[in-house]
Amino acid sequence: MDSYILAKKDLLTWAEVIKKNYNLFIPSRINDELFFSPFDSSLDLGLLGGNATLPYLPPKDFVFPQSEVLFSFSLQNGTQKLEVPEIGKPETVILGIRPCDTKGISWLDKFYQENFKDFYYTRRRENLFLVTVACNQPGKNCFCICCEGGPFLEPEKDEFDLQLIDLDGENYLVEVKSEKGKTLTGLGGAIFSLADIKAQEIRAQLEAKSRQSFYSEPTSYMSYAIRKITENSVPPEVWTELGERCFDDGGCTFVCPCCSCFGVGYLMDEKGKGYHYRFWDSCDYSGFTREVSGHNPRADKGERFKRRFYHKLSYQYVKRDGRIGCVGCGRCITACPGGVGMPAVVERIRTIKAQRNFYSGNK
Amino acid sequence: MKPMENIYLPNFARIKDIRIETYDTKTFEVEFINPEVKANFRFKPGQFLEVSVPGVGEAPFGLASNPNRPESFCFTVRAVGSVTNALHKLKVGDTIGVRGPFGNGFPFEEIKGKNVLFVGGGIGLPPLRSLIEPMLDNRSAFGDFQILYGARTPADLVYKDRLKEWEKMSEIRFMMTVDVGDAGWTGNVGVVTTLFPKANIIVENTVSFVCGPPIMIRFVILELLSLGFAPENIISTLERYMKCGVGKCGHCAIGHKYICFDGPVFSYKEMMKLPEKVV
């Protein structure tokens, strides 16, 4: 793997060159909230430092838009024709995606490209370049360390294009993992100089320090919850209790970098052209499994809540992909009005054990 | 470079025939318009299609015709929602979109040499028919062949002409019932399980196939278990609202299984392993 040094003062130059060739997005502040926004030179590059700065929404809409037309039907000269919309010039670079979000996209890559390649996902993904910035200092809701989601990407095992590590506030160490990454560093030319062993030492120290800097509140006993759920030993009343705190708003699923479920909608325009489109859907919603007969196999809120956490922590992990459906970004903590984001649920499952030990102890 | 396949795109098919089954149910016989698609289309008993009506929407339907004759194929539709009502308004010659076939399908080769028992309820008969017909084409490959069919009223029975033929066929044992009879009905009255004591059901070396509304499936399975059927010899289909048909949209997931992809056919043994109560 190649690694380079990039001086922070050259970041803007590089970004401007990238922008000439690609659609470039960076995290930027709009009022009090962060969003991935189209780059322009006036934006603050300060959000690309070592402090974890996560946009409110994950970048999944770059590959899996909130809604997307699949195709349209139209009657032409008496016969039905199908049309798949083109997506224009699609090559896009995200500069300043964090490791958890990069891993979220890796998770979606696996899901949407196993068994067959999802046409709509793949055509966007093939044209997406990711420049990850490692987190020297986790944020208050971060628990990626519990989910193999960060705080740094591991070049030996993780898939990524480029990873930038803020060494000292003045310089980045740039790790190049893919051909796409090489293309992007190639655009910068001489502003990238080869990194020496000293930079590697600083990287190791920064990663070790970051791993010790997580706040205790969100960090969670994931492995314990995974085991309890996989062996199906969480009492049903716990799911009922947690389900009662769920507002059925779907917020956690929409802000989740790994949530991939979609609904399919249909509409017809005034000219008689019919569209099929897909949109983010949520297993929180009672309508998610409701059938036209009125029969709803998952009408109960607790059952839906259970389904979501089983899917994230067990089904997909143990039985299908070998990875849990959570990268520890902490967005569900922010989004959930009922206070039942991932860490709270994991903690509730952990305290089932504590109570049982308390009552059935050495009496 | 070969363009990437897009599994979400339907192929156009033409409605060849429409048969009125009941006051709310029709069977559509369709064929693909593109000759290449038509020539290459094959399906297995128990698989399903995603059928779209341009401008209205798309919904899943079980294939209901004989897979040995794939040049045209049938599915049976009860008008209950927007897509099914729109289908009912179509005429012979109209164009629809079809994706599929999807799903695992019923076992066929694996059960040669065994006895077969079919228990169908209402419009649960159509998917079973995609298995019954090819088995009848190959009748000598199977042992005892029994079909029990029930519907709510005589007016709810589907495939009435075919039922009359089945009644006359000496190589199968066929019985039917209705929950509520009418003036012209002289047959059995009662739910499908009331046929069981009269049916001389053979349990030994028999595989049973059950399809119908969820409540009927539940009671039939209980009855079959009490007769001594092993859970692996009770085969049924699970119904969920399948949007994509290819294991991606998430709507039909139960545990780590996607009904559209890993199912819709499951043995009762497999159903018992799912982490949600399904029957």
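Residues numbered from 1 in each chain as written. Chains lettered and ligands numbered in written order. Predicted model: local features only at pLDDT ≥ 70, side-chain atom pairs only at ≥ 80, totals over all residues.

J.: Can you walk me through the interface of chain A and chain B in this structure?
T.: Where interface size is quoted, it is often the accessible area lost as the parts come together. On the side of chain B, 28 residues touch chain A, which itself brings 37 residues to the contact. Here the residues of the side of chain A that touches chain B are counted per class, giving 19 nonpolar, 13 polar and five charged. (Contact = placed C-beta atoms within 7 Å. Nonpolar A, V, L, I, M, F, W, Y, C, P; charged D, E, K, R; others polar.)

J.: Looking at this structure, I do not really get the nonpolar core. What am I missing?
T.: General note: in soluble globular proteins, nonpolar side chains tend to be found buried as a group. Counting 95 residues, the largest nonpolar core has A:I94 and A:V131 as the members making the most contacts within it. Ranked by the residues each element gives to this core, the list is headed by helix α2 (residues 99-113) of chain A, at six residues. Taken together, domain 1 (2-63 + 87-211) and domain 2 (222-260 + 298-358) of chain A each give at least three residues to this core, which thus spans both. Setting aside residues no more than four positions away along its own chain, A:V131 makes contact with A:V93, A:I94, A:L95, A:G96, A:I97, A:D161, A:L162, A:L164 and A:L184. B:V83, B:I111, B:L148 and B:I217 belong to the second-largest nonpolar core, a separate cluster that totals 73 residues. (Core = buried A, V, L, I, M, F, W, Y, C linked by C-beta atoms within 7 Å. Buried ≥ 20, exposed ≤ 12 C-beta atoms within 10 Å, placed from the backbone. Helix = DSSP H or I, 4+ residues; strand = E, 2+ residues; numbered from the N terminus. Domains from an automatic or database assignment.)

J.: Sorry if this is basic, but what is going on with the sheet that holds strand β4 (residues 67-76) of chain A here?
T.: Strands belonging to one sheet form pairs held by backbone hydrogen bonds; the direction of such a pair is parallel or antiparallel. All names here are of chain A. With antiparallel pairing, four strands are arranged side by side in an open sheet as β5-β4-β12-β11. Where the open sheet ends on each side, the last strands, each with one partner, are β5 (79-83) and β11 (262-268). Neighbour-to-neighbour, the strand axes of this sheet turn through a mean angle of 20°, independent of strand direction. Where β11 meets strand β12 (residues 274-280), seven bridges bridge the pair, whose relative direction is antiparallel. Bridge pairing in β12 links Y266 to H276. (Pairing = 2+ DSSP bridges. Axes fitted to C-alpha atoms, helices over the stretch in contact; angles between N-to-C directions.)

J.: What's the story with the pairing of strand β2 (residues 25-32) of chain B in this structure? I'm lost.
T.: In regular strands, side chains alternate between the two faces of the sheet. Residues and elements named next belong to chain B. Bridge count for strand β1 (residues 11-20) against β2 is seven bridges, and the pairing is antiparallel. Each bridged residue has a counterpart across the sheet, and for D17 the counterpart in β2 is E29. Counted between consecutive antiparallel strands, the loop separating β1 from β2 contains four residues. Where β2 meets strand β5 (residues 73-78), six bridges bridge the pair, whose relative direction is antiparallel.

J.: Teacher, can you tell me more about the domain arrangement of chain B here?
T.: Residues and elements named next belong to chain B. What the domain assignment reports for chain B is domain 1 (11-102), domain 2 (109-232) and domain 3 (238-279). Centre-to-centre, using C-alpha coordinates, domain 1 lies 24 Å away from domain 2. In this assembly, 16 residues from domain 1 lie in contact with 13 residues from domain 2. Per element, the largest residue contribution to the side of domain 1 that touches domain 2 is three residues, and it comes from β5. Partitioned by chemical class, the residues of the side of domain 1 that touches domain 2 number six nonpolar, eight polar and two charged.

J.: I would appreciate a short explanation of the packing of helix α1 (residues 11-21) of chain A against helix α4 (residues 179-188) of chain A in the present structure.
T.: Packed helices, taken two at a time, are described by the angle their axes make and the gap between the axes. Residue and element names in this part refer to chain A. Here α1 crosses α4 at 115°, and the two axes come no closer than 9 Å. When you trace α1 past α4, the crossing you get is right-handed. Two secondary-structure elements touch here, α1 through W14, V17, I18 and N21 and α4 through L184, L187 and G188. Looking at the contact of α1 with α4 residue by residue, the classes come out as five nonpolar, two polar and no charged. (Left-handed = near helix turned anticlockwise from the far one by under 90°.)

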